[in-house]
Amino acid sequence: MTAFDKSNAWENDRAHVIHPYTDFSTFSNEGSQIIERAEGMYVTDTDGNKLLDGIAGLWCVNIGHGRKEMAETIAEQVMNMQYYNPFGHSSNIPAATLGAKLAELAPGDLNHVFYTCGGSTANDAAIRLVHYYFDMKGQHRKKKIISRQNGYHGATYVAASLTGIHGTKTGFDRIGEDFITHVSAANLYDKPEGWSDGDYCDYLVREFEARIQQLGPDNVAAFIAEPIMGAGGVLVAPDGYHKRMWEICKKYDMLYIADEVVTAFGRLGEWFASEAIYGYQPDILVCAKGISSGYIPLGATLISTEIYDVISKPQCVGGVLSMGLTYFGHPVACAAALKNIEILERENILGNVKEVGTYFQDSAKSLLNQPIVGDVRGSQLMMGIDLVADKKTKTPIDMSEKAAGTIFQKCIERGVIIRPVGDCLVLSPPLIISKEQCDQIINTVNESITEFVAQR
Ligand code: PMP
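Given the structure is predicted, the values throughout are model-derived calculations rather than measurements.

Conventions and cut-offs
Counting starts from 1 at the beginning of each chain's written sequence and moves along it residue by residue. Residues qualify for local features only when their pLDDT is at least 70, as the model is predicted, and side-chain atom pairs are given and counted only at 80 or more; totals for whole chains, interfaces and linings, by contrast, use all residues. A pair of strands counts as paired when DSSP detects no fewer than two bridges linking them. For the purposes of this entry, the term helix denotes a DSSP run of H or I that reaches at least four residues, the term strand denotes a run of E that reaches at least two, and both are numbered from the N terminus. We call a residue near a molecule or strand if the C-beta atom, set from the backbone, is within 6 Å of it. Throughout this entry, Asp, Glu, Lys and Arg are counted as charged residues, while Ala, Val, Leu, Ile, Met, Phe, Trp, Tyr, Cys and Pro are counted as nonpolar. The remaining residues, Gly among them, count as polar. Angles here are taken between N-to-C directions and fall from 0 to 180 degrees, while the axes themselves are lines fitted to C-alpha atoms, restricted in helices to the stretch in contact. Domain extents, as shown, originate in an automatic or database domain assignment. Once C-beta atoms are placed from the backbone, any two residues with those atoms within 7 Å are in contact. Expected helix span is computed as 1.5 Å times (number of residues minus one). Three exposure classes are used, based on other C-beta atoms lying within 10 Å of a residue's own C-beta, which is placed from the backbone: buried for 20 or more, exposed for 12 or fewer, and partly exposed in between. What the arc measures is the spread of directions leading from the helix axis to the C-beta atoms.

1. Overview of the sheet that holds strand 3 (residues 50–53)
Here is step 1 of the chain: If you trace the four strands from one edge of the open sheet to the other, you get 1-2-3-14, paired in mixed fashion. Looking along the sheet, the strands with just one partner apiece sit at the ends: strand 1 (35–39) and strand 14 (416–417).
Here is step 2 of the chain: With four bridges connecting them, strand 1 and strand 2 (residues 42–45) associate as antiparallel partners. Paired with Ala-38 across the strands is Val-43, a residue of strand 2.

Have a look at this one:
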């Protein structure tokens, strides 16, 4: 094994690595907690602290950490053929095999895959393919995309513009926002006082349709949405919302892009959530993260046969799709994804999610007894815990209290990693979690909140 000098890792990282979504001012003093080893549900830092991973790395390590057969698959593929040009008529066996496997698992006729390096690039590709598709159909004005406030779609420029989280745009230009517009997030916790879930859903659907009318249906190409918003705070839509938004898309000849970067590959107990859980058939489905459980980067944009047939027509701009990444269909990443899917199937990990997920959600409801917990929501192994100053008015806890960050630190001290996102605590453990480990996470969060409240 390559021996790295770990004695300088903290300082080298602090001095040279630009960290994503990180506050420069605190970072220059505090640096990083450096994780050195990972196995199953646990990671260990360079100080030897072993921590239960309550966030699956970053919503991605679905099969758990440190699987030897993943390492063997990756090594075998590297030794056999680590890389070759994927452009034109050149391909490799893992990319072809994974393409067929994704078509088998994906709902409906999502039979064609465009590979990328992660979720942002897969969303970027989705938007380019939408534009290309309508151009090929001669609908050259049909280019506008409707996204949602609080949605997270990535960090490349277009994916960041699709994203509806304002803080992520501070200091950047709004590239792409001439054709991207945002409607309200679907967040049951935000439902106005006195409204039923149905009233709220009607309102969101009406708002969506009104926006299409305002933009002009001939100008609107697609709607993009996560089945459950992840980074925006695990926001859950009212029943029937996605299906109805999909119906509106069909009414106006728009494409529905399901961003399943977090929800695909089992987090909600199904391979893909859109059709199996929410009952709609996306035209484009974007996935990453759980496709390879984070063992190696990979993203995939799946498109319907209908879209494929249009963009592959011989009369298209010389018949050439002029887009693609060097690491498209990377053989090592695709081999890892195939092994990851084999493990998910062989160990019935989706079955575990269905069994343990309900237990996880039910037991977390006890956190509502805390004076600062306003909402506990989510589905299966995806959970958000909202911190509030006033439960009745649902006023968020003042950011100056740094509540989520402080509670996160207290959880770390107790041996559990959670994720603070604004005034929300996010949980998304590996899908191999046991009921005992669910208890450990919930008890730790509970004790940490109790301590925070006592010290306020
Ligand atoms: N879409 C969603 C729903 C995501 O949660 C993320 C990442 N958290 C992305 C897209 C972007 O993926 P990546 O960071 O792999 O580019």
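2. Structural notes on the site of the ligand
Here is step 1 of the chain: Taken together, 14 residues are adjacent to the ligand, and Gly-118, Gly-119, Ser-120, Gly-154 and Val-261 come closest.
Here is step 2 of the chain: Among the elements that make up the shell around the ligand, the one with the highest residue count is helix 6 (residues 119–136) (three residues).
Here is step 3 of the chain: When grouped by side-chain class, the residues that make up the shell around the ligand number five nonpolar, seven polar and two charged.

3. A short note on the sheet that holds strand 8 (residues 255–259)
Here is step 1 of the chain: An order of 4-10-9-8-7-5-6 is seen for the seven strands of this open sheet, with the pairing classed as mixed. At either margin of the open sheet sits one strand with a lone partner, and together these are strand 4 (112–116) and strand 6 (180–183). This sheet shows a mean twist of 20 degrees between the axes of neighbouring strands, independent of strand direction.
Here is step 2 of the chain: With four bridges connecting them, strand 9 (residues 284–287) and strand 10 (residues 299–303) associate as antiparallel partners. When the bridges of strand 10 are listed, Leu-285 appears paired with Leu-302.

4. Focus: the domain arrangement of the chain
Here is step 1 of the chain: With domains assigned, the chain is organised as domain 1 (33–63 + 348–455) and domain 2 (70–346).
Here is step 2 of the chain: With centres defined by C-alpha atoms, the gap from domain 1 to domain 2 works out at 27 Å.
Here is step 3 of the chain: Facing the 28 residues of domain 1 at the interface are 21 residues of domain 2.
Here is step 4 of the chain: Of all elements in the fold, only helix 3 (56–59), helix 13 (349–364), strand 11 (373–379), strand 12 (382–390) and strand 16 (424–427) reach the threshold of two or more residues within the side of domain 1 that touches domain 2.
Here is step 5 of the chain: Per-element tally for the side of domain 1 that touches domain 2: the top contributor is helix 13, with five residues.

5. A closer look at helix 4 (residues 68–81)
Here is step 1 of the chain: Counted at 1.5 Å a residue, the expected span for helix 4 with its 14 residues is 20 Å, and the 20 Å between its end C-alpha atoms agrees.
Here is step 2 of the chain: The complete set of buried residues in helix 4 reads Met-70, Thr-73 and Gln-77. Seen from one end, helix 4 has its buried residues packed into an arc of 60 degrees, which puts them on one side. In this structure, helix 4 carries Lys-68, Glu-72, Ala-75, Glu-76 and Met-79 as exposed residues pointing more than 90 degrees from its buried face.

6. A few points about helix 15 (residues 435–455)
Here is step 1 of the chain: The end-to-end C-alpha distance of helix 15 is 30 Å, a good match for the 30 Å that 21 residues give at a rise of 1.5 Å each.
Here is step 2 of the chain: Where helix 15 is concerned, the buried positions are Gln-437, Cys-438, Ile-441, Ile-442, Thr-444, Val-445, Ser-448, Ile-449 and Phe-452. With its buried residues spanning 155 degrees around the axis, helix 15 presents them on a single face. Exposed side of helix 15, more than 90 degrees from the buried face: Lys-435, Glu-436 and Ala-454 are the residues found there.

7. Observations regarding the environment of Pro-371
Here is step 1 of the chain: Within the secondary structure layout, Pro-371 lies in the loop between helix 13 and strand 11.
Here is step 2 of the chain: Note on Pro-371: 13 C-beta atoms within 10 Å, which makes it partly exposed.
Here is step 3 of the chain: Expressed as a C-alpha distance, the spacing of Pro-371 and Lys-391, which sit 20 residues apart in the sequence, is 7.6 Å.

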